[in-house]
4 protein chains.
Amino acid sequence: MKISEKYNQVRQATIDFCSHLEIEDYSIQVVQFASPAKWHLAHTTWFFETFILKNYVKEYTEYNSNFNFLFNSYYNNAGDRILQANRGNMSRPSIDKIFEYRAYVDANMQELLNGDSVKKIIDLVTLGLNHEQQHQELLITDVKYMLGHNPIFPEFNSGFNLVKDNNSSNEIVKIKGGTYKIGYQGKDFCYDNELGVHQVYAADFEINNHLVTNGEYIDFIESEAYTDFNLWLDEGWSWVKANNINSPMYWHKIKGKWHYYTLSGLLKVDENAILSHINYFEANAYAEWKGMRLPTEFEWEIAAQKLDWGKRWEWTNSAYLPYPNFTKENGALGEYNGKFMSSKMVLRGASVATSKNHSRPTYRNFFNPVERWQYTGIRLAK
Amino acid sequence: MKISEKYNQVRQATIDFCSHLEIEDYSIQVVQFASPAKWHLAHTTWFFETFILKNYVKEYTEYNSNFNFLFNSYYNNAGDRILQANRGNMSRPSIDKIFEYRAYVDANMQELLNGDSVKKIIDLVTLGLNHEQQHQELLITDVKYMLGHNPIFPEFNSGFNLVKDNNSSNEIVKIKGGTYKIGYQGKDFCYDNELGVHQVYAADFEINNHLVTNGEYIDFIESEAYTDFNLWLDEGWSWVKANNINSPMYWHKIKGKWHYYTLSGLLKVDENAILSHINYFEANAYAEWKGMRLPTEFEWEIAAQKLDWGKRWEWTNSAYLPYPNFTKENGALGEYNGKFMSSKMVLRGASVATSKNHSRPTYRNFFNPVERWQYTGIRLAK
Amino acid sequence: MKISEKYNQVRQATIDFCSHLEIEDYSIQVVQFASPAKWHLAHTTWFFETFILKNYVKEYTEYNSNFNFLFNSYYNNAGDRILQANRGNMSRPSIDKIFEYRAYVDANMQELLNGDSVKKIIDLVTLGLNHEQQHQELLITDVKYMLGHNPIFPEFNSGFNLVKDNNSSNEIVKIKGGTYKIGYQGKDFCYDNELGVHQVYAADFEINNHLVTNGEYIDFIESEAYTDFNLWLDEGWSWVKANNINSPMYWHKIKGKWHYYTLSGLLKVDENAILSHINYFEANAYAEWKGMRLPTEFEWEIAAQKLDWGKRWEWTNSAYLPYPNFTKENGALGEYNGKFMSSKMVLRGASVATSKNHSRPTYRNFFNPVERWQYTGIRLAK
Amino acid sequence: MKISEKYNQVRQATIDFCSHLEIEDYSIQVVQFASPAKWHLAHTTWFFETFILKNYVKEYTEYNSNFNFLFNSYYNNAGDRILQANRGNMSRPSIDKIFEYRAYVDANMQELLNGDSVKKIIDLVTLGLNHEQQHQELLITDVKYMLGHNPIFPEFNSGFNLVKDNNSSNEIVKIKGGTYKIGYQGKDFCYDNELGVHQVYAADFEINNHLVTNGEYIDFIESEAYTDFNLWLDEGWSWVKANNINSPMYWHKIKGKWHYYTLSGLLKVDENAILSHINYFEANAYAEWKGMRLPTEFEWEIAAQKLDWGKRWEWTNSAYLPYPNFTKENGALGEYNGKFMSSKMVLRGASVATSKNHSRPTYRNFFNPVERWQYTGIRLAK
């Protein structure tokens, strides 16, 4: 596919999701880590404007000089910006203006891409589209966070509940110990944090093909696991106590039955569906309770081709750290991944909210161990 | 005027102000004390539904059973409610639904008022309309807070800047000492906190007819008053240092000139206009700097008929405490005023944002001494 | 008594109290508002050194140049100082050094006072001794706070429980309305905040001779008053809920019986003894529950000569604000009282911990309405 | 050496260090993570009482039933305890009582150890002594923290500055890639987190024998590294900005020269001495600035026998996570290490404050990446 077509396709997917939003839904930020839809729409556009149009289009006229300040996320090299926690304080620019901004940048991008685009530009556009796909996933999870924390539990779209109820076989995959190659070896796009192919030694291990279901997790809850400190990491136990946690995010016990908020509203928990919205501490406690453990990110990558994966981000027992020989670009784009390599855990796989063509066995996703607003799940190993 | 006409008039004034809002402007809450426009629209409606329709209309069908939880402000007697700080987290119900709610309640109210309304109902409607007028003022100041804290300083309405540039004569009013009667003695509506007519003794005093102007306050700023701890109350000085305060709210020094955000956007400060948006600590420090003091609320009331007043809420040097013989109603309506009688200072007068027919010499407004998002000003005495 | 004798007497009283302390008790600060004993010992000494010796003794050699920084409390005019919350972080200077410091300053003071002291010096010494007496009371209440928050409830002194168990008669004092003079009119020492004699008008009122007892307060507790929001000011109710308050400070229910920590350790609550350690919100809620109210500070002063008073600081319903014509000294000593005139309530009387000769009917004590570590009590009026 | 002699030796070393403390130094806690000396003395004693005497001595009489609550650190299985942040609020029990407690437990322990001690007891005593040694190091660093944050910078001991000024040769150690065995393989004591011997693959790498000196770090500071966001991890940069960090902990620039607080007081920074008191973020930024990186904990262990090590805890680029096949004991002792395996980084080596015989190449120390009150240093690799 031509890069200009790909560009259209990815950019359109962002808009398609938004067709179910009310205007009131675009601007609100309930919590620091979940940005308003409006902000995602503008920030992904800013990315193309800042890193491509301003650098590669002669005499490009920026759409609005305030937008660099408003829609830069975390690129120190790209100048000052509003605090992340304040993204939801801005009723203006209105949605109309944001769609105008997208149209303006898209028109300029198409003009550029219909010329003789050099490899450097194509690489940057590819990065920009992958960036947009990451924000498509955040758009879903951030909208879910906002609606799911509204006391009236509004339905986003009755046909889009993102509950995955067909699980994989109960097979256990056995892997022979030895030295394996880790990291992206293909020729297509990947992030800098997947590069630096290197060897790791893994001992024999077993890994479940099956992801933990809601029903299995209810057994864990009913065993009073949320009050048994011996199952928990110290940080996790502090989190449980400080927040009175007794179930995954979005779960509510109503008249003795577990329900959960989905993008189709409040539903009864489907016991056969794959568990979601648990954090690393919960995943780790569950594994402890089962007498098993989480796989490392290397075990996961080694076993990946023998596993069904791809509807949950799976917590691994690996911290997010640089591969040997990790290098990053100079300037703003070097801030994309590398600077977050502390205090985060790696997740492998992909979720029901992940954009199409945005997953691969070497992909390293990462979040703070306490977070659970992504579609996260548990795969056990030993 | 008939009560049903008054009802229509006051309710319509709320809607009129909103005609200048974009849909995006209705739902955002930037700070705990400034509620979203949507919330004001619904809460004032909830007041009529809860305290009148549910009690006085047989078989009244409530509009939506969730709304009591969503739109109760602080009435413990009226049940649970969302936290004040979370009023801005709700994109839904949408604006359309809120206007439907207003229409539904208004229709029911008109039906009730066109019957043979007993005095009790008329009294409650009168209270509800005064309540709505108070929220009309908050609607203005809360929208201003939201837009004025947006880094792009959006214009709300080019013809509505609420800058009052004609000040009064420089006359000094002299009042003879003696015993005076304080409190509301008329027969129309007043709040419970104005009742309990009682005598106070005041010594001879002088009070300025003139309110402090922006230009006069610039002299105070330029004397480096914001760095001279001897002018400030201890709490005020802590506030200045902790927040690096150096000017009134909404003021910005741009290329050496003072500007302020108004509902018509960012303007140059008009030195002849009356100062606004200062808190009690700033008012008190200014008076100290002038070798004068703020009037007490009693002095203000005694002198009121000889003063031009009514475009600023004027900080007095009186704490908000009950008058002798203050009594409050039982139940929710008893929570209206009385429970706030600690840690607040009294303001007298009325502001450019106060609704018509919503001011009188005995009116006791009150805010925390640190707040300055209302149209507050300074009158000096000695 | 000669001023040099008075000096010795007051300074010695501070030391006498300390004879019951262990060395470990001198340095700890459990909460920002309760300073370590060591700090009180040094700060009161610093007061004499800074405001008298450095100004009136030629070629006076300061004891230690660091002490100005360490032991200044809140006098901005006297230079930088450590944060109040950090007073307990300093194990050094050791207690020995602090007693050396006291001895050094005392010797210098005696030399000065044995010369021909001018009135200005005598006035400053008198202020310094009153200041020391205020810190003697804080020394008691701060030590009690530290020991009373130690889970093993150490006994300070078995003969010093400061429980006042003889209460006054149940008489009700009736005062005729009229104009009364308020403020200190004598010729001895008083604080600047008592000056500015002025008239106030008071209507007829009744005031109880009797202070509320522990037994009466237990009735209030057992009526479930701590869960009835209608009794509480809004701020008070927030405080009750946020801190799960259900009784006065230092009270513990052990096997169904109320106990309280005293300086003689944990004792059963004496139901006939006068209630202590409640804050303004509790005092106000109690009055509300009784259908009465707290007196204003003016009513208290008017009635004082007809009342038994002097073993509790009694919450009044008056905010701490300047009297008409209040003036303060220039420089540091002007910071003594005036700058605290916001967000505080006035207490009248004196407590069991108040130093001898440190009370009078015009004395205006003041604390934040939330505080209750002083020996505070309730007198009702109507 | 007999276990009873070892016991005496280690226990005595704790007391020896304390001989330089004033009584006032024992009880103060300046910051949550640095406990009072008194608490260390009691807690290490509580460990022997709780895990040995109460379980293995028939009819053992506990010294004081309150001490379990006061001196349990973090063992949930051993019952409730005071909050870590409140350890410094207790002036009592006095130091005398704590030394009595130590003597009482020591006498009981000696009696037990002079009998026919079974292996289980010897293992527990060995764990208890290693535990005491860890607290000996904390005792030093926590006392340093308290005195070093006292504005008068008291000297602890003029002969004990713990500045290490002889550094190692500048040699670069080259290690051949391959599969190596990791983990403790000896027969003496080690912690559970060192067990589970396993293989790791390491590529060729180089590691400096030399630790970074103060002088080298001054070059980093003077290159304005503390203002160059490109050198820092995102979390590190937030920490630098929020706290205005511009140098290691304890460093102060006085009249243009760098000084640092040591246990012998404030000294000029010795440029040849080994750098200390930097956190992971600073170590990582320094490596980035040098175009190198920190070693992993595995590289460190592989290279250890060719390196001079042992006077600094060296930050590695490895997160603290369980080794494959990590298992922990049931009950309280299982909480010793395992539950802390999140959000921490591994340090290898040993510091000038580490007790004798308390280091080995497989030892895994761990701290939050932000901490820097330990004697931490930097070794570079590539």
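None of the values given here were measured: they were computed from a predicted structure.

Trainee: Would you mind going over the domain arrangement of chain A with me for this structure?
Mentor: It is common to give the size of an interface as the accessible area lost on bringing the parts into contact. All names here are of chain A. In terms of domains, chain A is made up of domain 1 (3-148) and domain 2 (172-377). Computed from C-alpha coordinates alone, the two centres of domain 1 and domain 2 are separated by 27 Å. Facing the 27 residues of domain 1 at the interface are 29 residues of domain 2. When the two sides are added together, the surface that domain 1 and domain 2 hide from each other amounts to roughly 2,600 Å², 59% of it contributed by carbon and sulfur. For the domain 1 face of the interface with domain 2, the top three residues by lost area are Tyr74, Glu137 and Lys144, together amounting to 27%. Scanning the region where domain 1 abuts domain 2 turns up one salt bridge. In this assembly, domain 1 and domain 2 are joined by 20 residue pairs in polar contact (both at pLDDT 80 or more).

Trainee: What is the right way to read the nonpolar core from this model?
Mentor: Generally speaking, nonpolar side chains in soluble globular proteins are found buried as a group. Formed by 208 residues in total, the largest nonpolar core has its most connected members in Val125, Trp232 and Ile378 of chain B together with Val125, Trp232 and Ile378 of chain C. Apart from the residues within four sequence positions on either side, Trp232 of chain B is in contact with Phe220, Ala225, Tyr226, Trp237, Trp239, Val240, Phe281, Glu282 and Ala285 of chain B together with Lys339 of chain C. Counting residues in each nonpolar core, the second largest holds 207 residues, with Leu147, Trp239 and Ala287 of chain A together with Leu263 of chain D among its members.

Trainee: Quick question: what am I supposed to make of the sheet that holds strand E7 (residues 265-268) of chain C here?
Mentor: Hydrogen bonding along the main chain pairs the strands of a sheet, whether they run parallel or antiparallel. Residues and elements named next belong to chain C. Strand order in the open sheet formed by three strands is E5-E6-E7, and the pairing between neighbours is antiparallel. The open sheet is flanked by strand E5 (251-254) and E7, the only strands paired with a single partner. Taken pair by pair, the neighbouring strands of this sheet meet at an average axis angle of 35°, ignoring direction. As paired strands, E5 and strand E6 (residues 257-262) are joined by four bridges and run antiparallel to one another. What sits directly across from Trp251, in E6, is Tyr260.

Trainee: Please clarify how the interface of chain B and chain C should be interpreted in this entry.
Mentor: At the junction of the two partners, chain B supplies 31 residues and chain C supplies 31 residues. Buried surface at the junction of chain B and chain C, both sides included, amounts to about 2,400 Å², of which 50% is carbon and sulfur. Three residues stand out in chain B for area buried against chain C, namely Asn76, Tyr201 and Asp234 of chain B, and they jointly supply 20% of the buried area on that side. For Glu288 of chain C, the salt bridge identified is with Lys328 of chain B, shortest N-O distance 3.6 Å. Counting across the interface, chain B meets chain C through 10 residue pairs in polar contact (both at pLDDT 80 or more).

Trainee: Please clarify how the interface of chain A and chain B should be interpreted in this entry.
Mentor: Of the residues lining the interface, 29 residues belong to chain A; the matching set on chain B comes to 29 residues. Buried area between chain A and chain B, summed over both chains or domains, comes out near 2,300 Å², and the portion from carbon and sulfur atoms is 61%. Counting across the interface, chain A meets chain B through two salt bridges. Residues Arg92 of chain B and Asp25 of chain A are paired through a salt bridge, measuring 2.5 Å at the closest nitrogen-oxygen approach. Counting across the interface, chain A meets chain B through eight residue pairs in polar contact (both at pLDDT 80 or more). Among the secondary structure elements, those contributing two or more residues to the side of chain A that touches chain B are helix H3 (67-71), helix H4 (95-114) and helix H5 (119-148) of chain A. Taken together, the residues of the side of chain A that touches chain B break down into 14 nonpolar, nine polar and six charged.

Trainee: For this particular structure, what's the right way to read the side chain of Arg312 of chain A?
Mentor: Residue and element names in this part refer to chain A. Relative to the helices and strands, Arg312 resides in strand E8 (residues 312-319). Among the residues examined, Arg312 registers a relative accessible area of 2% and is labelled buried. Of note is the side chain of Arg312, whose polar atom sits 2.7 Å from the backbone oxygen of Ile274.

Trainee: Which parts of the structure should I look at to understand the side chain of Thr213 of chain D?
Mentor: All names here are of chain D. In this fold, Thr213 is placed in the loop between strand E4 (205-208) and helix H6 (214-222). Here Thr213 falls in the buried class, since its relative accessible area comes to 10%. Contacts of Thr213, omitting those with residues within four sequence positions, involve Asn167, Glu271, Asn272, Ala273, Ile274 and Leu275.

Trainee: Would you explain unusual backbone geometry in this entry?
Mentor: Leaving glycine out, the prevailing phi sign among residues is negative, and the prevailing peptide bond configuration is trans. A cis amide bond links Arg92 of chain A to the next residue, Pro93 of chain A, at an omega of -5°. Along the chain, Pro93 of chain A falls in the loop between H3 and H4. Backbone geometry places Phe153 of chain D, a non-glycine residue, at a positive phi of 45°. Mapped onto the secondary structure, Phe153 of chain D falls in the loop between helix H5 (119-148) and strand E1 (172-175).

Trainee: Sorry, what's going on with the relation of the copies chain A and chain B here?
Mentor: Here the two chain copies are tied together by a rotation about an axis and a shift along that axis. For these two chains of identical sequence, chain A goes onto chain B by a turn of 180° and a shift of 0.0 Å along the axis, with RMSD 0.0 Å. Here the two chains are linked by the operation of a two-fold rotation axis. Minimal C-alpha distance to the rotation axis in chain A is attained by Glu24 of chain A, lying at 2.9 Å. Of the residues that chain A buries at the interface, 100% are likewise interface residues in chain B, meaning the two copies contact each other through the same surface.

Trainee: Explanation requested: helix H6 (residues 214-222) of chain A in the structure shown.
Mentor: Note that an α-helix has 3.6 residues per turn; residues three or four places apart therefore point the same way. All names here are of chain A. Along H6, the positions that sit buried rather than exposed are Asn214, Gly215, Tyr217, Ile218, Phe220 and Ile221. The inward-facing, buried residues of H6 abut strand E5 (251-254), strand E6 (257-262) and helix H8 (280-289). Positive phi shows up at Glu224, right after H6, with a value of about 70°.

Trainee: Would you mind showing me how to read the sheet that holds strand E7 (residues 265-268) of chain B here?
Mentor: Residues and elements named next belong to chain B. Pairing within the open sheet is antiparallel, and its three strands lie in the order E5-E6-E7. Looking along the sheet, the strands with just one partner apiece sit at the ends: strand E5 (251-254) and E7. Direction aside, neighbouring strands of the sheet carry axes that sit 35° apart on average.

Trainee: Explain the packing of aromatic side chains here, please?
Mentor: Remark: the centre distance and the inter-plane angle together describe each pair of aromatic rings, the angle taken between the planes. Applying the stated rule across the entire model yields 181 aromatic pairs over all chains. Taken together, a centroid distance of 6.4 Å and an interplanar angle of 90° make the contact between Phe47 of chain A and Tyr336 of chain A edge-to-face. Within this pair, whereas Phe47 of chain A is found in helix H2 (residues 37-56), its partner Tyr336 of chain A is found in the loop between E8 and strand E9 (345-350), the two being separated by 289 residues in sequence. The two residues Phe47 of chain A and Tyr336 of chain A agree in class, both being buried. With centroids separated by 4.8 Å and ring planes inclined at 80°, the aromatic side chains of Phe67 of chain B and Tyr101 of chain B adopt a geometry described as edge-to-face. On the criterion of sequence distance, the pair formed by Phe67 of chain B in helix H3 (residues 67-71) and Tyr101 of chain B in helix H4 (residues 95-113) is long-range, its members being 34 residues apart. With respect to class, Phe67 of chain B is no different from Tyr101 of chain B; both count as buried. Cation over ring: Arg87 of chain C sits above Trp39 of chain C, and NZ or CZ is 3.6 Å from the ring centre.

Trainee: Would you explain the pattern of salt bridges in this entry?
Mentor: Opposite charge on two side chains allows them to pair when their charged atoms are near. Scanning the model with the defined rule gives 72 salt bridges over all chains in all. Two residues, Glu194 of chain D and Arg360 of chain D, come together in a salt bridge whose shortest N-O distance is 2.8 Å. Linking Glu194 of chain D in the loop between strand E2 (178-182) and strand E3 (198-202) with Arg360 of chain D in the loop between strand E9 (345-350) and strand E10 (365-367), this pair joins segments that are 166 residues apart in sequence. When sorted by exposure, Glu194 of chain D lands in the same class as Arg360 of chain D, which is buried. The partner of Glu299 of chain D in a salt bridge is Arg293 of chain D, with the nearest N and O atoms 2.9 Å apart. For Glu299 of chain D, a relative accessible area of 9% gives the class buried. Among the residues examined, Arg293 of chain D registers a relative accessible area of 25% and is labelled partly exposed. Because the salt bridges share partners, they merge into one network encompassing Arg11, Arg102, Asp106 and Glu132 of chain A.

Thresholds applied
- Residues numbered from 1 in each chain as written.
- Chains lettered and ligands numbered in written order.
- Predicted model: local features only at pLDDT ≥ 70, side-chain atom pairs only at ≥ 80, totals over all residues.
- Heavy atoms only, no water.
- Domains from an automatic or database assignment.
- Contact = heavy atoms within 4.5 Å.
- Buried area = accessible area lost by both parts, 1.4 Å probe.
- Salt bridge = Lys/Arg side-chain N within 4 Å of Asp/Glu carboxyl O.
- Polar contact = N/O pair within 3.5 Å; in protein donor to acceptor, adjacent residues only side chain to side chain.
- Core = buried A, V, L, I, M, F, W, Y, C linked by side-chain atoms within 4.5 Å.
- Buried < 20%, exposed > 50% of the residue type's maximum accessible area, 1.4 Å probe, protein only.
- Pairing = 2+ DSSP bridges.
- Helix = DSSP H or I, 4+ residues; strand = E, 2+ residues; numbered from the N terminus.
- Axes fitted to C-alpha atoms, helices over the stretch in contact; angles between N-to-C directions.
- Nonpolar A, V, L, I, M, F, W, Y, C, P; charged D, E, K, R; others polar.
- Least-squares fit on C-alpha atoms with pLDDT ≥ 70 in both.
- Phe/Tyr/Trp six-rings, centres within 6.5 Å; stacked < 30°, edge-to-face > 60°.
- Lys NZ or Arg CZ within 6 Å of the ring centre and 35° of its normal.

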